[in-house]
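Inside the fold
Chain by chain, the residues run as shown.
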Amino acid sequence: MIKKYIIPLLLFCCISKVLAYDFKLNNIYYNIISTNEVETTCMGNNCYSGTIYIPSSVNYNNKIYTVSTIGNMTFQACDNLSLVVIPESITSINTLAFEQCTSLKFIKIPNSVTYIGDNAFGGCSKLDSISISSENPCYNYINDVIFTKDTTTLIQCMATKSGNYELPHSVVKINKNAFEFCSKLTSITLPERISNIEEHAFTFCSNLESINIPQDMTQLNDYTFSFCSKLRSINIPEKITSIGSYVFSYCGSLNSIYNYSKSPVDLKNSLYVFNYVDKTSCKLYVPKGSKTMYQISDQWKEFSSIIEMNTASELTEDIRINIYPNPANKFIYFEGLPEDNQLTICDLTGKVFYSQKISNNVRIETYNWPNGIYIALIISNDQTTKRKFTKLN
């Protein structure tokens, strides 16, 4: 049954390779893309192995062509490919170029490269080192992650990255498939500046237990968190107005969803958003007064347990929690939080700045938050506790 749904998902990243090429020289296939340029291509699966040296130019029919591009899917799923040497003539590494090269351990990207396509290095399970010079005009490589030069767009996280990962504060966009197959990551903290997370961004992060959705997000694209089989809880910010197909499909460990929208997002045209989520045990938390609307809305109504979150006037303050520094500046620390609780922080107008499933201790960045008074709501076992703190520069 699972295979039935996996197949259409994988079609995105495992498209059958085109078996056409213009010519072959020294065991490398090429397509002519302009009057004086060629790109590398492939001839079926596993057509490359060992070490490949891409030349900067080739002579075909007594004409010299510059090798400027590593074409779409050129080395995709070449299991026995161990090393590719890329010349300074290459300016583009196209979509899926090295995806699922499971024996590739190192690659050096020359300064000439100004374009890296979606999921170019996804699923390279042994690729733990990429060299990108600080002189490259378009890209940075920081802690196993490729970014644009200004570090505002996250291009690709290496599949070898493990544990907890906190993205740089400057990131505003996460590219398509950026974290796909990052099965060693357990927790990801996204900066609140992020406003665009593209399709399949976290697909197959099979050990991911915790991630926050930034509060200014307005849509969740297709397959964003699909097959995150250990994800336990998720928050859906109030500004979310669109949720694509299969967004939480096969998130079988989800036990709580905190939805802050008073009106249910219309899911009529979104396929299987919560496919294989156990809707009898997973609790759906919604704003006060909105339970009835969720109980009659497509896909939301499938949850057996829909619980309205308490209002601020009904909150208790009987849990001993240490919050410091207060006033906060760049960070606020919470110590002594109950296990398996939802921590939500909002200002006095109700605008949510942070919401995530937390246990025990946590540090939260407040660097970009406006000065003022904030309310921290801690929901545990259907009980809500309130704490106040101040943010000052």
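As a reminder, the structure under discussion sits directly above these lines.
Below or above, wherever it landed, is the structure these notes cover. (Residues numbered from 1 in each chain as written. Predicted model: local features only at pLDDT ≥ 70, side-chain atom pairs only at ≥ 80, totals over all residues. Heavy atoms only, no water.)

To continue, consider the packing of aromatic side chains. Scanning all chains against the criterion turns up 29 aromatic pairs. Consider the rings of Tyr374 and Phe389, whose centres lie 5.6 Å apart with planes at 15°: the pair is stacked. With a gap of 15 residues between them, Tyr374 in strand β29 (residues 372–380) and Phe389 in strand β30 (residues 383–391) connect regions that are remote in the sequence. The exposure classification of Tyr374 matches that of Phe389, with both residues buried. Aromatic ring contacts, followed pair by pair, group Tyr165, Phe179, Phe202, Phe225, Phe248, Phe274, Tyr294, Trp300 and Phe303 into a single cluster. (Phe/Tyr/Trp six-rings, centres within 6.5 Å; stacked < 30°, edge-to-face > 60°. Helix = DSSP H or I, 4+ residues; strand = E, 2+ residues; numbered from the N terminus. Buried < 20%, exposed > 50% of the residue type's maximum accessible area, 1.4 Å probe, protein only.)

What follows is about the sheet that holds strand β16 (residues 173–174). Strand order in the open sheet formed by 5 strands is β12-β13-β14-β16-β18, with mixed pairing between adjacent strands. Each end of this open sheet is capped by a strand with a single partner; those strands are β12 (139–142) and β18 (196–197). For strand β14 (residues 153–157) and β16, the ladder comprises 2 bridges, and the chain directions are parallel. Each bridged residue has a counterpart across the sheet, and for Leu154 the counterpart in β16 is Ile174. (Pairing = 2+ DSSP bridges.)

This part takes up the environment of Pro55. Residue position: Pro55 is located in the loop between β4 (50–53) and β5 (57–60). By relative accessible area, Pro55 is classed as partly exposed at 26%.

Moving on, we come to the nonpolar core. Counting residues in hydrophobic clusters, the biggest one holds 48 residues, and the most contacted among them are Leu154, Leu167, Ile174, Phe179, Phe202, Ile243 and Phe248. Looking at this core, the elements that each hand over two or more residues are β13 (145–148), β14, β17 (185–189), β21 (233–236) and β24 (283–286). When sequence neighbours within four positions are dropped, the list of residues in contact with Ile174 reads Leu154, Leu167, Phe179, Leu190, Ile194, Asn196, Ile197, Glu198, Ala201 and Phe202. Tyr65, Ile90, Leu104 and Leu127 belong to the second largest nonpolar core, which has 39 residues in total. (Core = buried A, V, L, I, M, F, W, Y, C linked by side-chain atoms within 4.5 Å. Contact = heavy atoms within 4.5 Å.)

Tracing the chain through its elements places Thr160 in the loop between β14 and β15 (163–166). What makes Thr160 buried here is its relative accessible area of 17%. Put simply, Thr160 and Lys184 are 24 residues apart on the chain and 6.8 Å apart in space, counted from C-alpha to C-alpha. Excluding its chain neighbours within four sequence positions, the residues that come into contact with Thr160 are Cys124, Ser125, Lys126, Leu127, Asp128 and Lys184.

This part takes up unusual backbone geometry. Look at the link from Tyr324 to Pro325: it is a cis peptide, with omega at -10°. Inspection of the secondary structure puts Pro325 in the loop between β26 (322–324) and β27 (331–347). Between Asn326 and the following residue, Pro327, the backbone shows a cis peptide bond with an omega angle of 15°. With respect to the helices and strands, Pro327 occurs in the loop between β26 and β27. For Phe204, which is not glycine, the phi torsion reads 65° and is therefore positive. Of note, Phe204 is situated in the loop between β18 and β19 (210–211). For Phe204, a relative accessible area of 16% puts it in the buried group. At Tyr276, a residue that is not glycine, the phi angle is positive and equals roughly 65°. Within the secondary structure, Tyr276 is located in the loop between β23 (256–259) and β24.

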